[in-house]
Amino acid sequence: MADVLETGVLVGGAGAAGLTLAIDLARRQVPFVLVDKASRPFVGSRGKGIQPRSQEVFEDLGVIDRIVAAGGEYPPQRYYTEDGTVDRPTVELSLATPSEPYQIPLLVPQFLTERVLRDRLAELGHAPRYGHEITGFAQDENGVTARLTTPDGELTVHAGYLVGADGGSSFVRKGLGIGFEGRTLGVRAIVADVYAEGLGADVWHRWGDDTPSQVSMCPLYGTEMFQLQAPVPFDVDFDLSAAGLTAFLRERSGNDGVTITSVSWASVFSMNARLADTYRQGRVLLAGDAAHVHPPTGGQGLNTSLQDAYNLGWKLAAVLGGADESLLATYEEERKPVAEEVLGLSARLLRTDRERMVRGREGSQLDLGYPHSSLAAADPDRNKGVLAGDRAPDAPVTGAGGLPTRLFSLFQGPHWTLLGYETDRESAPAARAGLHIHLIGAARGDLRDTDGQVRDTYGLEPGEWVLVRPDGYVAGVTDRVAAVEAYLRRVGVRTS
C-alpha cells in the first residue's frame, strides 16, 4: 500500500505561481506540499519582465531587494537600419512617488526570479519536491486525494485543497475537464538563452524590425547571456545548437562578426492566448499558466500568474482556519477578469508590435483592482480618494517614537491592516489575531501623517477607517466601526 501524506494544500507546479503560493502559505503556517514533475528547476529566461505591481508583491514577500540585485533595468533598444543605428528607450521612465514607489519594470531572467523565490521558501523551512508527478486525483467533501509518482515510488497525498499551477498543458486542468478556450495567434517563435561574442551587453540589439526576418538579442542582466528572439515560419525544423543559431543570427542580422558560443536553453513555440472556463471545481483550483496563457508581448504572463497566487494564498489560509468556504469563490471572481484584460492587452500588442507601450503605465498592473468584487465593501456616497477594491497606495508616516516609516512597511506580512484616521482608540475594534490596527493623527495615535500624504492620497476625513486586505487592496473605507467588525467576521478574522 502506498504511503499517505496528509497536508492542508497540495500545490502542483513549482514555477513562479507555485513558489509564490508556497511562500504565502508558509508564512501563514499553513501545511502544504509543493511538487513538480520536472527533475530540476526550470533553467530558461522566458518570463523576464517584472512589472511594478509585482515588485510591490515581492516587497511584501521579503524578496524585492534580492530580485532587483538579481537583474536590472531594461537596456535601451538599438535598431539596425539601412540608414544606421537608432537607439530608443525600452521603458517609458517615470519617477517613483510616495504612493507608487516602484515605477520601472525590471529585467530578471525567470530562472533567477524563481531561484530567489526558492531561497525565500527555504528560509521559511520548505522546498519544492522535484520529480514528483501528479498522475491522478479525486475529491470529496473532505478533501482531495492525489496519486503521485516520485523517485522513491508511488505516493498518495491527501490535502484539503489541490492547486494546479502546472502550466499551460496542466494535468490538473485536463483532469477536471475544464475547457481552455482561446486561439493560436498565428505566430511561431524561437527564444533561446545564449552566450555570444561580438555584441555589447549595453543595449538590446534589434535587426529587421517589423519584418518576417526580424531578430533580437537582449542582454540578460544577472548573467553573461543574451536572450535571442525571432519569429520563424511554421513547419520548418530549426537547428538550436550554437552553430545552428549562429548561422541563423548572421543570416538575419547581416553581421558575420557575431558568434554564439553555447546555448543554455532554447525553445521553438507557437503563441497562444487562452483562458480556462473556470478557475475552481470543488476543492481543486487553477493558478498561473494553468488558468491562462499569454503571448510574450507585454511582459504580463508571469506577473499575472504570481498575482493569482498572491490573491489565493490568504483565502486558502482563511478557509482552512475556519472562514466560510464561499470566500474561495472570490478568487475566480477577482482574478479571471484581470486575466481577460491582460490577455487583451498582450494580444493587442502582438498585433500592433508596440513593444515600448507596455513598458509604460498600461503594463505596470498598478491600476488593476477589484472594484466589482463581492469583497469590495463599497460606499455609494464616497466619491474621492481610494475606493473599495483599489490597490492600497503607499505613503510616508512617522511613528510616535519619531522614526519614519511607510504604509507598505506596516502592510508587510500575512495580516489585515486597519488604519484609523484621527479616530480614538476607544472606538477601535477589539484586538485579534490577524489584524494590525494603527491610528494616524489622533491624540494618542501611534502614527503621524507625514505632510498630510495619507489624508491626501487616501482622501480621508477625520473619523474614517480604511481596512486593507492581506494582498494590499482596500476592502473598504467607512466611519462605522460596526461595519468593520461585520466585515472581519465575514472573512474569518474574529476575536477569540
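As the structure is a prediction and not an experimental result, all values here were calculated from the model.

**Examining the environment of Gly 322**
Phase 1: Note that Gly 322 resides in the loop between helix H7 (301-320) and helix H8 (329-352).
Phase 2: Gly 322 sits 169 residues away from Val 491 along the chain, and the two C-alpha atoms are 9.2 Å apart.

**Remarks on the sheet that holds strand S15 (residues 226-232)**
Phase 1: Across the sheet, 8 strands lie side by side as S6-S5-S13-S14-S15-S12-S16-S19; this open sheet has mixed pairing. For this open sheet the edge positions go to strand S6 (84-88) and strand S19 (292-293), each flanked by a neighbour on one side alone.
Phase 2: Each of strand S12 (180-197), strand S13 (204-207), strand S14 (215-219), S15 and strand S16 (259-276) touches helix H6 (residues 242-253); the most contacted strand, S16, lies at about 75° to it.

**What to know about the pairing of S15**
Phase 1: Of all 7 residues that make up S15, 5 are buried, and the element is covered over most of its length.
Phase 2: Across 4 bridges, the pairing between S14 and S15 is antiparallel. Paired with Pro 219 across the bridge in S15 is Phe 226.
Phase 3: Connecting S14 to the next strand, S15, in antiparallel fashion are 6 residues, including Gly 222 with a positive phi near 90°.

**Some points on the pattern of salt bridges**
Phase 1: If you walk through the whole model with that rule in mind, you get 21 salt bridges.
Phase 2: Salt-bridge contacts for Arg 27 lead to Asp 24; the nearest nitrogen and oxygen are separated by 2.8 Å. Placement of the pair is Arg 27 and Asp 24 together in helix H1 (residues 16-27), with a separation of 3 residues, close to one helical turn. Take Arg 27 and Asp 24: they sit in the same class, and that class is buried.

**Quick word on the nonpolar core**
Phase 1: Core analysis: the biggest nonpolar cluster contains 101 residues, and Leu 10, Phe 58, Phe 137, Leu 316 and Trp 416 have the highest contact counts within it.
Phase 2: The element contributing the most residues to this core is H7, with 10 residues.
Phase 3: Each residue touching Phe 137, except ones within four places of it in the same chain, is listed here: Val 144, Thr 145, Ala 146, Arg 147, Leu 162, Phe 171, Val 172, Gly 175, Leu 176 and Val 284.

**Description of the sheet that holds strand S7 (residues 106-107)**
Phase 1: Spatially, 3 strands are ordered S3-S7-S4 in an open sheet, and the strand pairing comes out antiparallel. The open sheet has two edge strands, strand S3 (49-50) and strand S4 (72-73), and neither has a second partner.
Phase 2: Two strands pair when backbone bridges link them, and S3 and S7 are joined in this way by 2 bridges, in the antiparallel orientation. Bridging across to S7, Ile 50 finds its partner in Leu 106.

**Topic: the packing of aromatic side chains**
Phase 1: Tallied over the full model, the rule gives 10 aromatic pairs.
Phase 2: Both rings, one in Phe 137 and one in Phe 171, keep their centres 6.4 Å apart while their planes meet at 75°; by these two values the pair is edge-to-face. Remark: Phe 171 occurs in helix H5 (residues 171-176) and Phe 137 occurs in strand S9 (residues 133-140); sequence separation between them is 34 residues.
Phase 3: Phe 137 gets classed as buried once you look at its relative accessible area, which sits at 17%.
Phase 4: Taken together, a centroid distance of 5.9 Å and an interplanar angle of 70° make the contact between Trp 416 and Tyr 487 edge-to-face.

**Comments concerning the environment of Val 342**
Phase 1: With respect to the element layout, Val 342 can be found in helix H8.
Phase 2: In this structure, the C-alpha to C-alpha distance between Val 342 and Gln 365, residues 23 residues apart in sequence, is 8.9 Å.
Phase 3: Contacts of Val 342, omitting those with residues within four sequence positions, involve His 294, Gln 300, Thr 304, Gln 365 and Leu 368.

**Here's the deal with the packing of helix H2 (residues 52-61) against H7**
Phase 1: Direction vectors running N to C along H2 and H7 enclose 40°, while the axes themselves pass 10 Å from each other. Classed by the angle they form, the pair H2 and H7 counts as oblique. For the pair H2 and H7, the crossing hand works out as left-handed. Together, Arg 53, Ser 54, Val 57, Phe 58, Asp 60 and Leu 61 of H2 and Asn 303, Leu 306, Gln 307 and Tyr 310 of H7 make up the contact between the two elements.
Phase 2: Of the residues contributing to the contact of H2 with H7, the split by class is 5 nonpolar, 3 polar and 2 charged.

**Topic: H7**
Phase 1: Counted at 1.5 Å a residue, the expected span for H7 with its 20 residues is 28 Å, and the 29 Å between its end C-alpha atoms agrees.
Phase 2: The sharpest bend along H7 comes to roughly 25°, located at Leu 312.
Phase 3: A large share of H7 lies buried, amounting to 19 of its 20 residues.
Phase 4: Downstream of H7 by a residue or two, Gly 322 has a phi angle that is positive, lying close to 120°.

**Some details on the confidence of the model for the protein**
Phase 1: On average, residues of the protein score 94 in pLDDT, and 96% of them reach the 70 mark or higher.
Phase 2: A low-confidence stretch, residues 354-358 (pLDDT under 50), is modelled with 19 contacts involving residues beyond four sequence positions or located in other chains.

**Side note on helix H4 (residues 110-123)**
Phase 1: The end-to-end C-alpha distance of H4 is 20 Å, a good match for the 20 Å that 14 residues give at a rise of 1.5 Å each.
Phase 2: The buried fraction of H4 amounts to 10 of the 14 residues, a majority that puts the element mostly inside the structure.
Phase 3: Residues Gln 110, Phe 111, Leu 112, Thr 113, Glu 114, Val 116, Leu 117, Arg 118, Arg 120 and Leu 121 constitute the buried set of H4.

**Focus: the packing of H1 against H7**
Phase 1: The contact between H1 and H7 brings their axes to 8 Å, and the two run at 25°. By the angle class used here, H1 and H7 are roughly parallel. As H1 runs across H7, the sense of the crossing is right-handed. The residues of H7 that touch H1, namely those facing Ala 16, Ala 17, Thr 20, Leu 21, Asp 24, Leu 25 and Arg 27, are Leu 302, Ser 305, Leu 306, Ala 309, Tyr 310, Leu 312, Gly 313, Trp 314 and Leu 316.
Phase 2: Tallied by class, the residues present in the contact of H1 with H7 amount to 11 nonpolar, 3 polar and 2 charged.

The rules behind each value
- Residues numbered from 1 in each chain as written.
- Predicted model: local features only at pLDDT ≥ 70, side-chain atom pairs only at ≥ 80, totals over all residues.
- Heavy atoms only, no water.
- Helix = DSSP H or I, 4+ residues; strand = E, 2+ residues; numbered from the N terminus.
- Pairing = 2+ DSSP bridges.
- Contact = heavy atoms within 4.5 Å.
- Axes fitted to C-alpha atoms, helices over the stretch in contact; angles between N-to-C directions.
- Buried < 20%, exposed > 50% of the residue type's maximum accessible area, 1.4 Å probe, protein only.
- Salt bridge = Lys/Arg side-chain N within 4 Å of Asp/Glu carboxyl O.
- Core = buried A, V, L, I, M, F, W, Y, C linked by side-chain atoms within 4.5 Å.
- Phe/Tyr/Trp six-rings, centres within 6.5 Å; stacked < 30°, edge-to-face > 60°.
- Parallel < 35°, antiparallel > 145°, perpendicular 65-115°, else oblique.
- Left-handed = near helix turned anticlockwise from the far one by under 90°.
- Nonpolar A, V, L, I, M, F, W, Y, C, P; charged D, E, K, R; others polar.
- Expected span 1.5 Å × (residues − 1).
- Bend = angle between axes of the 7 residues up to and from the residue.
- pLDDT = per-residue confidence, 0-100.

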